[in-house]
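These are the residues of each chain, in order.
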Amino acid sequence: MDTVNPENNPKKPVINWASLRENRAKYESMKWAGLPPIEKNFYKESPRTASMSQEEVELWRKENNNITCDDLKEGEKRCIPNPVCKFEDAFEHYPDIMANIRKVGFQKPTPIQSQAWPIILQGIDLIGIAQTGTGKTLAYLMPGFIHLTSQPISKDERGGPGMLVLAPTRELALQVEAECSKYAYKEIKSICVYGGGDRKGQIDMVTKGVDIVIATPGRLNDLQMNNFINLKSITYLVLDEADRMLDMGFEPQIMKILIDVRPDRQTVMTSATWPDGVRRLAKSYLKNPMIVYVGTLDLAAVNTVQQKVIVIPEAEKRAYMHSFIKSMKPKDKVIIFVGKKADDLASDFGIQGIPVQSLHGNREQCDREQALDDFKKGKVRILVATDLASRGLDVHDVTHVFNFDFPRNIEEYVHRVGRTGRAGRTGEAVTLVTGNSWKFASELIDILERANQVVPDELIAMAERYKQSQMRKEMEKDIQRPWRKPSK
Ligand code: AMP
């Protein structure tokens, strides 16, 4: 076979990188040309907030789940605004919002709200490290409503939605939608777009014109690719539970969606954790953000939940669970978390005539919604669920979380436990730990200790055995490969 020497091949096109770059910049500016300017700063600091001393600010942050904040802008740092201690401090000039807050009777801003509102209302991008249950949804929705209704052009002239919330699961998207319709005003229209739901109905709604789109990335990308939705009009973007979206493999879809969202928008991102992947996402899609943490992985913050850990052989788990269920009081409501086989356990209960529902990824969307509804309304008091329900699920009166299987990681444990003890109530979490989960024992001990919970001796012994086995493994590696650095 003849070989072609590319250097002697006269037809080889020469790539002109400089011109490509120039064209790209031209294309980019053409793409965004003619869009109306964005108004972003709506914050008027109240005299009360402005007059807080540094000590008062620090004390407030400490007493409110240990809020910590930072400015991630490179170069000279900006001043982090003082937190707002009362709703009026943020929304005095927005009577519609104040009326809604009064209607539901909230007492005061939650920690994430108190610190996030003055930042977002100034038009600054924000990363909120906070779990579900902390009031994070209203932390970004309320300023979003103001942003939407205060733009220089009216929403009818905008030609598409002004706000987009991307959420990892249908359950969370539906929950955000529910909050949105509860608190929105001035006829702000919102729609939830998610896979498994009625695609045609969603398309009809989108094309009729909406102001807020709450979507899971897969379905939105599908509507975008088929030109059913205009994303260019979006000026306020939320990436909700970013860590979860990455875990679920949505990064490519997010990337494709954001190509069509104007780069000078305002962006808010929430995440329960702050691993490398989420940092990378923040760097790509947020501009000079501030970051606010409210006690997340620190379970001491969830001091309304009593955590009980039972070390038990695998074969005895079912019997333990059944005796636990028998001991439930009539008003108790429990989520039983399992690794995979939610249906197995659910049919076990069925055979015994105990009404339960189950929630897992293999169920049809309508069945999942029904399951959740039955559980919320109390038609069943037991929900068997996989980790699909560990985040985003907001049922106020869950009294117990029962971890039948230990989760895949310790963060998921924190999320599961947070399903109970919500909205000022107390709750109990019971966790069965078998030898299979021994590698989590030491992290679990940390969490229990920080929350002042009882640490069973068997768990301490398990953590010790795991540590010894890891050391033995390392030593064996050193013996096999003596050139390795000695293990610590
Ligand atoms: P989230 O963390 O957004 O899932 O919110 C959890 C629950 O807290 C929701 O039911 C909210 O309606 C409720 N909530 C939000 N803000 C407040 C507040 N300031 N006071 C009391 N409850 C709130």
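From a predicted model like this one, the values you see are computed outputs, not experimental measurements.

Draft legend 1. Fine view of the side chain of T420. Within the secondary structure, T420 sits in the loop between α18 (410–417) and β14 (427–433). At a separation of 3.3 Å, a polar atom in the side chain of T420 contacts the main-chain carbonyl oxygen of T399. When residues no more than four places from it in sequence are discounted, the contact partners of T420 are V305, V398, T399, H400, V401, T426, G427 and E428.

Draft legend 2. Main features of the layout of surface pockets. Volume-wise, the second largest pocket comes out at about 500 Å³. If you go around the second largest pocket, you meet 23 residues; those closest to its centre are V338, G339, D387, R408 and R416. Put simply, the parts of the chain that give the lining of the second largest pocket at least two residues each are α12 (242–247) and β14. Of the residues belonging to the lining of the second largest pocket, the class tally is 8 nonpolar, 6 polar and 9 charged.

Draft legend 3. Expanded view of the environment of K44. Its location among the elements puts K44 in the loop between α1 (17–32) and α2 (47–50). On the basis of relative accessibility, which here comes to 51%, the residue K44 falls in the exposed class. Between the C-alpha atoms of K44 and P118, which are 74 residues apart in sequence, the distance is 8.7 Å. The contacts of K44, once residues within four sequence positions are left out, are D89 and H93.

Draft legend 4. Spotlight on the site of the ligand. Around the ligand there are 17 residues in total, and Q113, G133, G135, T137 and D394 lie nearest to it. Within the contact set of the ligand, a nitrogen atom lies 3.0 Å away from a backbone nitrogen or oxygen of K108. Between the ligand and Q113, the relevant distance is 2.9 Å, taken from a nitrogen atom to a side-chain nitrogen or oxygen of the residue. Across the complex, the protein chains shield 84% of the 500 Å² of accessible surface that the ligand would expose by itself. Counting residues per element, the ones that place at least two in the shell around the ligand are α7 (136–149) and α9 (170–183). Top contributing element to the shell around the ligand by residue count: α7, with 3 residues.

The rules we used
- Residues numbered from 1 in each chain as written.
- Predicted model: local features only at pLDDT ≥ 70, side-chain atom pairs only at ≥ 80, totals over all residues.
- Heavy atoms only, no water.
- Helix = DSSP H or I, 4+ residues; strand = E, 2+ residues; numbered from the N terminus.
- Polar contact = N/O pair within 3.5 Å; in protein donor to acceptor, adjacent residues only side chain to side chain.
- Contact = heavy atoms within 4.5 Å.
- 1 Å grid on protein atoms, 1.4 Å probe; cavity = no way out; pocket = protein on both sides within 12 Å on 5 of 7 lines; lining within 4 Å.
- Points joined across faces, edges and corners; volume = space filled by probe spheres on them.
- Nonpolar A, V, L, I, M, F, W, Y, C, P; charged D, E, K, R; others polar.
- Buried < 20%, exposed > 50% of the residue type's maximum accessible area, 1.4 Å probe, protein only.
- Near = heavy atom within 4 Å.
- Areas by Shrake-Rupley, 256 points an atom, 1.4 Å probe, with all protein chains shown as cover.

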